[in-house]
Structure formats: C-alpha cells, structure tokens
Amino acid sequence: MILQEYKNVDNIKIFHETIDGHADYNVKGLENLYKQEEKHFWFIARKEFIFNNIKKFIEKHEKIIEIGAGTGNVSRYLIENEYKDISVGEMHLTGLKYAQSYGIEKCYQFNLLDTPFENEFNAVCMFDVLEHIEDASAALKNVNRMLQENGKIVLTVPSHMWLWNRSDAIAGHKIRYTKKQLMQKLEEEGFEVLSARYFFISIILLLILRRLLEKDNGREVKNQEYDKDISIISPLNHLLLWISRIENKLNRFLPNLCGGSLFIVGRKR
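Sequence order sets the numbering: in each chain, residues are counted from 1 along the sequence as written. For this predicted model, a pLDDT threshold of at least 70 governs which residues receive local features, and a threshold of 80 or more governs which side-chain atom pairs are given and counted, while totals over whole chains, interfaces and linings are taken from all residues. As a convention, hydrogens and water are excluded, and side-chain values are obtained from all of the structure's heavy atoms.

Engineer: I'm lost on the overall build of the protein chain in this one. Help?
Structural biologist: Segments assigned H or I by DSSP are reported as helices when at least four residues long, segments assigned E as strands when at least two residues long, and all are numbered from the N terminus. From N to C terminus, the protein chain includes nine helices and nine strands. The atom set for the radius of gyration is the C-alpha atoms, and the globule formula is 2.2 Å times the number of residues raised to the power 0.38. Expected size for 269 residues packed as a compact globule is a radius of gyration near 18 Å; at 18 Å, the protein chain falls within 12% of this value. Considering only C-alpha atoms, the protein chain reaches an extent of 50 × 40 × 35 Å along its principal axes. Counting all 269 residues of the protein chain, 54% fall into the buried class. Residues count as neighbours in contact if any of their non-hydrogen atoms are within 4.5 Å of one another. Counting only contacts in the protein chain whose residues sit at least 6 apart along the sequence, the fraction spanning at least 24 positions is 77%. Calculation of accessible area relied on Shrake-Rupley with a 1.4 Å probe; when residues are assessed, cover is drawn exclusively from the protein chains displayed. A total of about 13000 Å² of accessible surface is found on the protein chain, and carbon and sulfur atoms cover 52% of it. Neither His nor the chain termini are counted; the positive set is Lys and Arg, and the negative set is Asp and Glu. Taken as the charge centre is NZ of Lys, CZ of Arg, CG of Asp or CD of Glu, depending on the residue. Counting 37 positive and 37 negative side-chain charges, the protein chain places the centres of these two groups 6 Å from one another. Burial classification: accessible surface area is computed with a 1.4 Å probe over protein chains only, and a residue below 20% of its type maximum counts as buried, one above 50% as exposed, and the rest as partly exposed.

Engineer: What exactly am I supposed to notice about the packing of aromatic side chains here?
Structural biologist: The description of two aromatic rings rests on the distance between their centres and on the angle between their planes. Centre distance within 6.5 Å is the pairing criterion for rings of Phe, Tyr and Trp, where only the six-membered ring of Trp is used; planes under 30 degrees apart are then read as stacked, over 60 as edge-to-face, and the remainder as tilted. For the coordinates displayed, the defined rule picks out 16 aromatic pairs. Their ring planes at 10° and their centres at 4.2 Å tell us that Phe49 and Phe199 sit as a pair that is stacked. A residue pair is termed long-range when its members are at least 10 positions apart, and Phe49 in helix α2 (residues 41-54) and Phe199 in strand β8 (residues 191-199) qualify at 150 residues. Among the aromatic residues, ring-to-ring pairing joins Phe41, Trp42, Phe43, Phe49, Phe199, Phe200 and Phe263 into one connected group.

Engineer: So what exactly am I meant to see when it comes to the environment of Glu187 here?
Structural biologist: The residue Glu187 is located in helix α7 (residues 179-188) in this model. When the C-alpha atoms of Glu187 and Ser202 are compared, they prove to be 29 Å apart, with 15 residues separating the residues in sequence. Those residues within four positions of Glu187 in sequence are excluded, and the remaining contacts are Val193 and Arg269.

Structure representation (structure tokens):
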C-alpha cells in the first residue's frame, strides 16, 4: 500500500526530494561506487555473498525492495540471477539514474524515516545502509511497517568499532555493529533473527592494518576526501577477490566470531 502522493520524473517516483549533499551519505560517494563496483574485489565478493545467502530465505518470485540502493548494483546482480520483482529506493536522485542505466525499472526516491509504504513488500534489503542512520530503531520500525506478514529484512553492515577508520568517517558511518548488537536491535523492533553471519573474515588482518594506517582524527570531512580514489592495483585486487571467493564458499564452516562485515536476516513477527 502506498500512503503518500508522488510525482513521476523520468519514470522515477519521487516522494521526497533530497539534496545530493545529504549528511548521511554524500553523492560523491556514489560516483566512486559507480566507477569501481564492477572491478573492486570488495563489491564483487559482497554481492556474490549476498546472493548465495539471500536465496536461502527469499524466493525469486517475491516482491523485494532494496533501500539505500546506491547505484542499484546489487539489485542488478539479483535481477541477473532471476529475481523477478525488485524495486530500488534511494534518497539521491543521482543514484536512481545510475540504477536506471543498469536497466532497473522500479525506482523510488524517498526517505526511509518517512516511508510512503505499508504492508507492501515480501522483503526489504539494506546493504551497508543502517550504519549511516542515526536513529536506527526508527528505520527498523519503518522497515517492519513496509513488510507484509512474515516478511523478511536482509541487512549487511560494517562490523566492530575496533576496525573504525577514516574511511568510515568519509562514508558517513555512525557505527560499526557487532552481531550481538544488531540481533538485539532487530528483536527489539519486532523481528525474529533467522541468520547472522560475519564475512570478509579472511581479510581481517588487512582491515586491522587499515585501521592503524588510516586512523580517524575526528575532524570534519573535507570535500576533497570524498574524491578519494578507492581503486586497488590489479594484481592485489585479483588476489583479494580470489581469497574472498574461497572464503564465501567456506564461510558456513568458519568460526562466526568476527569479520569485516555482517550479514543478517530477520523475519517480521
């Protein structure tokens, strides 16, 4: 059910117009994503991990929306793997235009904290989004509201505050979660947790090294920092992708104690 009026601009349904310089995520980050997400090992390994795990919980015919979809790259990957009914929601109009360039047809501009949907979707996905939102409880309440009976929420988030680094500040993160923290938050907002797994376990030492080399000085992020090149030299990128893909295949056998990211699925009670 759609509760609010919208205007249609270039086949994008606009509920809430948002300035691209929104404090939770600067639009320049989207430009960097669009340039790198088809090449950078992290984006490739993440979407492969998401697909391999999401298919255990969500049928390919179910109605899905990805909120905070960025450029829509993950949704495109799911569509390429036969998910039939996927929409994307994003605050930044720029991101939705990128999503359209990927061939995604159902695009909505709206703010999750004022969701226009109720009892609308079988699944709501938020991939590295919740950590940007100051009032995560309000966001999860609204996700619950958007879901049909027994609908599912699927999240990925960065893990562990002891891995916090300058890149977190540049990205507009508010927190890095632990499994216990996020499970508790989901349960408080009316979800039953079905699965919670850390991933990017195999590169944890590299993430610790990044934490040491790129400490966050707590200063306000400067405009030039949003233009930071996130590419990796090709041989190292290929090596890290190879390592991450092996980990993805073996993840269920690994100790579920820590990792660079967390994947979690909950079901609406």
